[in-house]
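# Geometric and topological summary
Residues per chain, in single letters:
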Amino acid sequence: MSATAQPTLDEVAAAAGVSRSTASRALNGGARVSPQAQAAVDDAAARLGYVPNRAARSLVTRRTDSIALVVPEPDERVLSDPFIGGTLRGVGAALAATDLQLLLIIARPGESPRRLARYLRAGHVDGVVIASHHREDGLEEAVLASPVPAVFVGRPFAATEGLIYTDVDNRAGARQAVQHLVDTGRTRIAHIAGPADMAAGLDRRDGWSDVLTDAGLPADAFASGEFTVASGHRAMTDLLAVHPDLDAVFAASDSMALGALEALRAHGRRVPEDVSVVGFDDLGVAASMTPPLTTVRNPVVEMASCAVEQLLTLLSGKRDVPTVVFPPELVVRAST
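These figures come from a predicted structure and were not determined experimentally.

### Comments concerning the overall build of the protein
A count of helical and extended segments in the protein gives 13 helices and twelve strands. Taken against the 2.2 N^0.38 rule, which gives 20 Å for 336 residues, the C-alpha radius of gyration of the protein at 25 Å runs more than 25% over that of a compact globule. Considering only C-alpha atoms, the protein reaches an extent of 85 × 40 × 30 Å along its principal axes. Across the 336 residues in the protein, those meeting the buried criterion constitute 49%. If you take every contact in the protein between residues at least 6 apart in sequence, the share linking residues at least 24 apart comes to 70%. A total of about 15,300 Å² of accessible surface is found on the protein, and carbon and sulfur atoms cover 53% of it. Distance between charge centres in the protein, computed from 31 positive and 40 negative side chains, equals 6 Å.

This is the structure we're talking about:
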């Protein structure tokens, strides 16, 4: 072998004293290979600097050594949204100790779910993590129709046994946020809700309503947003026009809370003297707001890492993988 030539599988087999087929099996998972032969092949491959051909390996194992992160959001949100950024960090951290490659698939809203279903059935990836899921994006149906294992970051809408997910207890987190406002004496508490086609948006709105109902307070001051700064600003402006007596607002995301703070300043409302503001996520921007934002910590990085661990368990052949729901945590700062 020349100094520049890559070692071949035949050379590894010869150095290990085994057949070519045994060397191939040893390098591709060790199926039907004795411990002695496996050790000899591993040693020969290390000494020769043998690097398996990924394409050839996939033909043997029927595995691609890659997983997909599917995000059904517009390109601009994928690049700017802190939840998606945290999800990418968590997935990357969980894959760091593996040889798996990560593919990012932006399944745009309105895109036919059949396209993704065909992609999954074609065997381009070994598994899928889905984040920022919407009711009508068709991903639940695509997952159920595909043999490729998948895990959702965030509760799917269908309560189906075949859909595995990890999430934070959004309803409990919203209850913590609003109960804090009630406990600090606020009585006219508005809500800037997340999208109604996302489980997190519905669960956080329900938590807001739960506390106000229990406290005997009105639960009629709400406006819908899109988990963006601009939508938070619009919603806060609309709420002030209809409910000028409000003294607190719970926003279903920190991005919308930031927009609400900007709108309150524009209308001459002081925070927290006139209006208290609470957000949801605590993904970095909350602590640097003016004033620093009281918010509910959403452990997105941990959730995404957990989703990958669930997926790896599925890929190992196990099917009894439980759903994981993280507890929320209220982080009190100067906005309340």
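Now that the structure has been shown, we can carry on.
### A look at empty space enclosed by the protein
In total, this model carries two cavities of 30 Å³ or more according to the counting rule given. Considering the residues around the largest cavity, the lining is formed by 23 residues, among which Phe83, Met198, Ala200, Arg204 and Phe227 are closest to the centre. Counting residues per element, the ones that place at least two in the lining of the largest cavity are α6 (82–95), β5 (164–168) and α10 (199–214). Among the elements that make up the lining of the largest cavity, the one with the highest residue count is α10 (three residues). Residue composition of the lining of the largest cavity, by class: ten nonpolar, seven polar and six charged.

Conventions and cut-offs
Residues numbered from 1 in each chain as written. Predicted model: local features only at pLDDT ≥ 70, side-chain atom pairs only at ≥ 80, totals over all residues. Heavy atoms only, no water. Helix = DSSP H or I, 4+ residues; strand = E, 2+ residues; numbered from the N terminus. Rg over C-alpha atoms; globule rule 2.2 N^0.38 Å. Buried < 20%, exposed > 50% of the residue type's maximum accessible area, 1.4 Å probe, protein only. Contact = heavy atoms within 4.5 Å. Areas by Shrake-Rupley, 256 points an atom, 1.4 Å probe, with all protein chains shown as cover. Lys, Arg positive; Asp, Glu negative; His and termini not counted. Charge placed at Lys NZ, Arg CZ, Asp CG, Glu CD. 1 Å grid on protein atoms, 1.4 Å probe; cavity = no way out; pocket = protein on both sides within 12 Å on 5 of 7 lines; lining within 4 Å. Points joined across faces, edges and corners; volume = space filled by probe spheres on them. Nonpolar A, V, L, I, M, F, W, Y, C, P; charged D, E, K, R; others polar.

Geometry only, nothing functional implied.
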